[in-house]
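Tertiary structure, described
Here is how the chains run, residue by residue.
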Amino acid sequence: MATASVDKQSVDPLPGPPSIPHLSKDFIWGVSTSSFQIEGATQEDGRGLSIWDSYGRTGQVRNNDTGDIACDHYHRYKEDVALMRTLGIQAYRFSVAWPRVLPNGTGAVNEAGLAFYDRLIDELLASDIEPWLCLYHWDLPQALEDRGGWMNRESVAWFTDYATLIGKRYGRRVKRFATFNEPAIFSLFSRSFGTRDRSADDKLNRWIHHVNLAHGAAVDALRAQAPGALIGCIHNYQPIIPSSASEADVKAAALVDAYWNQAYPDPQYLGEYPQAIRAGIEPHMQPGDLARIHRPLDWFGLNHYSPVYINSDPSALIGMGWGPKPAEIPRTPIDWTIEPDAFRDTLLTVSKRYGLPVYVTENGYGRGDDEKPDEIGAVADPGRVDFLRSYISALDAAVAAGADVRGYFVWSLLDNFEWDSGYSVRFGLTYIDYKTQRRIPKSSFKWYADVIRLARGLTPAA
Ligand code: IFM
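One structure accompanies this document, and this report is about it. (Residues numbered from 1 in each chain as written. Predicted model: local features only at pLDDT ≥ 70, side-chain atom pairs only at ≥ 80, totals over all residues. Heavy atoms only, no water.)

Before going further, it helps to spend a moment on helix H5 (residues 111-126). Side chains that are three or four residues apart share a direction in an α-helix, a result of its 3.6 residues per turn. Over its 16 residues, H5 extends 22 Å from the first C-alpha to the last, a length consistent with the 22 Å expected when each residue adds 1.5 Å. When we look at burial in H5, the residues that qualify are Gly 113, Leu 114, Ala 115, Phe 116, Tyr 117, Asp 118, Leu 120, Ile 121, Glu 123 and Leu 124. Among the structural elements, helix H1 (35-38), helix H3 (73-87), strand S2 (91-95), helix H4 (98-101), strand S3 (130-136) and helix H7 (155-170) are those in contact with the buried residues of H5. Just downstream of H5 lies Asp 128, where phi reads positive at about 65 degrees. (Helix = DSSP H or I, 4+ residues; strand = E, 2+ residues; numbered from the N terminus. Expected span 1.5 Å × (residues − 1). Buried < 20%, exposed > 50% of the residue type's maximum accessible area, 1.4 Å probe, protein only. Contact = heavy atoms within 4.5 Å.)

Interaxial distance between H3 and helix H16 (residues 443-455) falls to 8 Å at its minimum, and their mutual angle equals 50 degrees. Taken as axis vectors, H3 and H16 run oblique relative to one another. Taking contact as the criterion, the partners of Leu 83, Thr 86 and Leu 87 in H3 are, on H16, Phe 445, Tyr 448, Ala 449 and Ile 452. When grouped by side-chain class, the residues that make up the contact of H3 with H16 number six nonpolar, one polar and no charged. (Axes fitted to C-alpha atoms, helices over the stretch in contact; angles between N-to-C directions. Parallel < 35°, antiparallel > 145°, perpendicular 65-115°, else oblique. Nonpolar A, V, L, I, M, F, W, Y, C, P; charged D, E, K, R; others polar.)

Along the chain, Arg 93 turns up in strand S2. A relative accessible area of 1% places Arg 93 in the buried class. A polar atom in the side chain of Arg 93 sits 3.3 Å from the backbone oxygen of Thr 361. (Polar contact = N/O pair within 3.5 Å; in protein donor to acceptor, adjacent residues only side chain to side chain.)

Moving on: the site of the ligand. The ligand sits among Gln 37, His 137, Trp 138, Asn 181, Glu 182, Tyr 305, Trp 336, Glu 362, Trp 411, Glu 418, Trp 419 and Phe 427. At 2.8 Å from an oxygen atom of the ligand is found a side-chain nitrogen or oxygen belonging to His 137. Between Trp 419 and the ligand, the recorded distance is 2.8 Å, taken from a side-chain N or O atom to an oxygen atom. If the ligand stood free it would expose 280 Å²; the protein chains cover 94% of that surface. (Near = heavy atom within 4 Å. Areas by Shrake-Rupley, 256 points an atom, 1.4 Å probe, with all protein chains shown as cover.)

What follows is the structure, encoded as structure tokens:
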């Protein structure tokens, strides 16, 4: 049985700040969001459809939730940037909705869509917050999915055109770009793959290779349009742990590790695919492909939540089954194990393996819909505070042990559309009342603001 949810503990007083003696004063503190999860306005100002608009209409998202309104950030971005100012962050990571700026994925440009990101970027800069722009956080234009999406090698050219447009438009004001957010996650969990169909393994290999090529081409396009910008890719990297010592489980976990953790960063940062998947990728390779993928990068983006426990399941995609999690490890309310030591170890691993400055571009705590304002309208989230406190302390420990970590972004500024779970899972430092769109900073918001002020040598807000 899982240990009881940590949110049941007492709220008052909030725990003190994490122990961070090894973080420098110019360490970057931030928050992250993504376009589809917060923007809404899916049918406004000429935006095209994305695959998540279509998927939301299939009835497979919990409570039939859609992204139609989400947090209405498209209209309320100023209020959201004001929240960021109150937090005191130095950087904000967001993504551009590809179908908002190129409604058909390629070809005609939607000026009204581009103008939205102009307004957002200008508001951030006027607030002294650095915009970190991610090109792709899963909302592929439906028009491109209809042409085969990432299965089609032409996707490399589509993505290059999109990256060129974005670099040209924003490159004078935006100096940090990421190509993709968590390519392994949208590959492994894409609904295009029947998880009980082993012929999908080959589709997965082809898809991975195209996304990697698209990454490399986009890096070149961004460099051409935005000289001096710092470019990276954002990876979800977690320890993959076999749930037993059996040979089958150990082998399965090793293969999942290759797909989940290395299939993207290894060719992008090191110029080669992990040994375990090379033979699978080989049929999709053309001469010169590895050099096209392996373009110089400036930083490594790490999204980390908790280790993954794996069982062998020979009939499932890449033989991956979900193994039981050890009962003694505490969990968040959405059943993710809380293991800050694994975070510390992962930071050390990626820092050493990829040899570039690491930025933690996502880390956070999800809770179900029982997270609500109390009778005085406040939202107390002590479980989230404890989680962040222990993970930020673990980050400091990683730095003390030699990891080159330069920044940390909480997922997320706002509660938002949590993919298949719709609005039933909340990750925000800010509570969203979806009926009124009222924003209520949670106790973790105040706590994080104090952490940032202290880390920067300022006194905590009263
Ligand atoms: O909400 C997601 C985000 O889009 C990608 N990383 C994990 C988050 C929490 O599940």
